[in-house]
Amino acid sequence: MALPIRIAPSILSADFGRLAEEVQAAEAAGADWIHVDVMDGRFVPNITIGPLVVEAVRKATRLPIDCHLMIVEPERYVEAFAKAGADLVCVHAEASPHLHRTLQVIRAAGARPGVALNPATGLEAVEWVLGDCDMVLLMTVNPGFGGQKYIEACTEKVRRLRALADARGQALEIQVDGGIKADTIGKVTAAGANVFVAGTAVYGAKDYRQAIADLRAAAERSRA
Ligand code: DX5
Ligand code: ZN
């Protein structure tokens, strides 16, 4: 049984001055999750938001909030994000040497744990903690900014990760993040991804409902 297709608009591309409205608009338009990009200006060059903003997003929606931590020493903050209302907390393998422990801390804090990998990081970085993850996020651009171009080599990486999860009999959520649009979502879906972050593809569109419907339809077509 294939996992459900989940479209997760990234608020990175939303109008922050009207954040609650923008989150509600995505929910009303058919989003499945809300993706929150946390950047510290150290792990990635950009700086974005912290737990306070997650708390505000929590008040604005009932959808699961998926927090993507692009920060060094994420273990110092995972509990704060879970407490702020994150349903999923994803840390980068490159930033967390004691990944196994960090994943346990996230689960103990009541959130679903995930690991994110940069495009250049091999799957072996997550292989030995796969059983402790509900989700693996494969970056399909270099993290830090929205609006970048999908890196083609990532399609094969998704395929190998899905094969790895299937071989273990694990219903792993595989999330792809970066450059996901109606013309790239098909190939990553066919490769085995089921959670799709979409920043500019949703918040850059005039009609959020149409944008989400187009993404979902393209993903579903490639599964048929
Ligand atoms: C990039 C972030 C992404 C970003 C994706 O570092 O992790 O979530 O918002 O933006 P798009 O969909 O525009 O590539
Ligand atoms: Zn992200």
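Structure's up top.
Described in the following lines is the structure provided in the data block. (Residues numbered from 1 in each chain as written. Chains lettered and ligands numbered in written order. Predicted model: local features only at pLDDT ≥ 70, side-chain atom pairs only at ≥ 80, totals over all residues. Heavy atoms only, no water.)

1. Here's the deal with the overall build of the protein chain
A tally of regular secondary structure across the protein chain gives nine helices and eight strands. By the burial criterion, 54% of the 224 residues in the protein chain qualify as buried. Considering only intrachain contacts with a sequence separation of at least 6, the fraction spanning at least 24 residues in the protein chain is 65%. When the accessible area of the protein chain is evaluated, it comes to approximately 9800 Å², of which 53% is carbon and sulfur surface. Of the side chains in the protein chain, 24 bear a positive and 27 a negative charge, and the two mean positions are spaced by 2 Å. (Helix = DSSP H or I, 4+ residues; strand = E, 2+ residues; numbered from the N terminus. Buried < 20%, exposed > 50% of the residue type's maximum accessible area, 1.4 Å probe, protein only. Contact = heavy atoms within 4.5 Å. Areas by Shrake-Rupley, 256 points an atom, 1.4 Å probe, with all protein chains shown as cover. Lys, Arg positive; Asp, Glu negative; His and termini not counted. Charge placed at Lys NZ, Arg CZ, Asp CG, Glu CD.)

2. Description of the coordination of the zinc ion (ligand 2)
Protein coordination of the zinc ion (ligand 2) is provided by H35 (NE2), D37 (OD), H68 (ND1) and D177 (OD), with donor distances spanning 2.0 to 2.3 Å. Coordination at the zinc ion (ligand 2) comes from six donor atoms whose angles at the metal span 69 to 169 degrees, giving a geometry best classed as octahedral. Binding-site remark: the zinc ion (ligand 2) is held by donors from one chain whose sequence spacing is H-x1-D-x30-H-x108-D. In this pair, H68 is assigned in strand β3 (residues 65-70) and D177 in strand β7 (residues 173-177), connecting sequence segments 109 residues apart. Both residues of the pair, H68 and D177, count as buried. (Donors = N, O, S within 2.8 Å, 3.2 Å for Na, K, Ca; no water. Tetrahedral: all angles 85-135°; square planar, octahedral: opposite > 155°, others 65-115°.)

3. A few points about the sheet that holds strand β5 (residues 112-117)
To summarise the sheet geometry, strands pair through backbone hydrogen bonds and adopt either a parallel or an antiparallel arrangement. Read across the open sheet, the eight strands follow the order β1-β8-β7-β6-β5-β4-β3-β2; overall the sheet is parallel. Strands at the two margins of the open sheet, each flanked by one partner only, are β1 (6-9) and β2 (34-39). The average angle at which neighbouring strand axes cross in this sheet is 25 degrees, direction not considered. Of the strand pairs in this sheet, strand β4 (residues 88-92) and β5 are connected by five bridges, and their pairing is parallel. Within β5, the residue paired with H92 across the bridge is A116. Where helix α9 (residues 208-223) meets the sheet, it contacts β1 and β8 (195-198), and its direction lies at approximately 145 degrees from that of β1. (Pairing = 2+ DSSP bridges. Axes fitted to C-alpha atoms, helices over the stretch in contact; angles between N-to-C directions.)

4. Focus: the nonpolar core
Grouped together as the largest cluster of nonpolar side chains are 65 residues, with contacts concentrated most on I11, V36, L69 and F196. Among the elements that make up this core, the one with the highest residue count is α9 (five residues). When near neighbours in sequence (up to four residues on either side) are disregarded, F196 contacts I5, R6, I7, A8, V176, I180, I185, V188, T189 and A219. (Core = buried A, V, L, I, M, F, W, Y, C linked by side-chain atoms within 4.5 Å.)

5. Observations concerning unusual backbone geometry
Of all residues except glycine, most have a negative phi; of all peptide bonds, most are trans. In this model, E73 sits at a positive phi of 45 degrees, which is unusual for a non-glycine residue. In this fold, E73 is placed in the loop between β3 and α3 (78-84). With relative accessibility at 37%, the residue E73 sits in the partly exposed group.

6. Focus: the site of ligand 1
Of all residues adjacent to ligand 1, which total 20 residues, the nearest are D37, G144, D177, G199 and T200. Separating an oxygen atom of ligand 1 from a side-chain N or O atom of S10 is a distance of 2.9 Å. Within the contact set of ligand 1, an oxygen atom lies 2.8 Å away from a backbone nitrogen or oxygen of G179. Within the complex, the protein chains bury 100% of what would otherwise be the 380 Å² of accessible surface of ligand 1. Judged by the fraction of its atoms near the pocket grid, ligand 1 is located in the largest cavity. Counting only elements with at least two residues in the shell around ligand 1, the list comes to β2, β3 and β8. Here the shell around ligand 1 gets three residues from one element, more than from any other, and that element is β2. Here the shell around ligand 1 is built from residues that sort into eight nonpolar, ten polar and two charged. (Near = heavy atom within 4 Å. Polar contact = N/O pair within 3.5 Å; in protein donor to acceptor, adjacent residues only side chain to side chain. 1 Å grid on protein atoms, 1.4 Å probe; cavity = no way out; pocket = protein on both sides within 12 Å on 5 of 7 lines; lining within 4 Å. Sits in = over half its atoms within 2 Å of the grid points. Nonpolar A, V, L, I, M, F, W, Y, C, P; charged D, E, K, R; others polar.)

7. A look at the packing of aromatic side chains
A full pass over the atoms with the stated rule returns one aromatic pair. Arranged with centres 5.1 Å apart and planes meeting at 80 degrees, the rings of Y203 and Y208 form a pair that is edge-to-face. For the pair formed by Y203 and Y208, the shared burial category is buried. (Phe/Tyr/Trp six-rings, centres within 6.5 Å; stacked < 30°, edge-to-face > 60°.)

8. Notes on the layout of surface pockets
Its volume calculated, the largest pocket comes out at about 160 Å³. Around the largest pocket sit 13 residues that line it, and A2, L3, R162, G192 and R223 are the ones nearest its centre. Its residues assigned to classes, the lining of the largest pocket comprises six nonpolar, four polar and three charged. (Points joined across faces, edges and corners; volume = space filled by probe spheres on them.)

In short, the description is geometric, and any link to function would need to be established separately.
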